[in-house]
Amino acid sequence: QVQLVESGGGLVQAGGSLRLSCAASGSIFSINGMGWYRQAPGKQRELVAAISRGGVTNYADSVKGRFTISRDNAKNTVYLQMNSLKPEDTGVYYCNAELFISLTRRGNYWGQGTQVTVSS
């Protein structure tokens, strides 16, 4: 059983900052890519940022220069530092991880989501 548990969401004023964390636990052999997605009301879930096991990052154009993704492989944890937040960043943020539960068995896992609300 694998779990991804997010924390750090909340309500913040425009221009403020939040830091999201996501810890993976359970029967994990190794973790490849990790990332953050978000879903605004009435919209599809979209990629916000992703990071490979080696630290290569990828960002949505809308967050470049404002958000920073990082990970601690020893703790199986991924972080998202969000600065200069805008009302359009509002949504439910989901953690995602591609990981192996054995040498050959790979799966894609999601957290339960954490709400981020940015007021104007």
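Here we summarise the structure given alongside this text. Quick caveat, the model's predicted, so the values are computed rather than measured.

Criteria and thresholds
Residues numbered from 1 in each chain as written. Predicted model: local features only at pLDDT ≥ 70, side-chain atom pairs only at ≥ 80, totals over all residues. Heavy atoms only, no water. Disulfide = S-S within 2.5 Å. Helix = DSSP H or I, 4+ residues; strand = E, 2+ residues; numbered from the N terminus. Buried < 20%, exposed > 50% of the residue type's maximum accessible area, 1.4 Å probe, protein only. Core = buried A, V, L, I, M, F, W, Y, C linked by side-chain atoms within 4.5 Å.

## Things to note about the state of the cysteines
Applying the stated criterion across every chain, the model contains one disulfide. The residue that forms a disulfide with C22 is C95, at a sulfur-sulfur distance of 2.1 Å. Its torsion about the S-S bond being -80°, the disulfide of C22 and C95 is classed as left-handed. Here C22, found in strand 3 (residues 18–26), pairs with C95, found in strand 9 (residues 91–100); they are 73 residues apart in sequence, far enough to count as distant. Considered together, C22 and C95 belong to a single accessibility category, that of buried residues.

## Observations concerning the nonpolar core
Among the nonpolar cores identified, the biggest contains 28 residues, and W36, L80, M82 and Y93 are the most heavily contacted of them. Going through the elements one at a time, strand 1 (2–7), strand 3, strand 4 (30–39), strand 5 (46–51), strand 7 (67–72), strand 8 (77–82), strand 9 and strand 11 (114–119) are the ones with two or more residues in this core.

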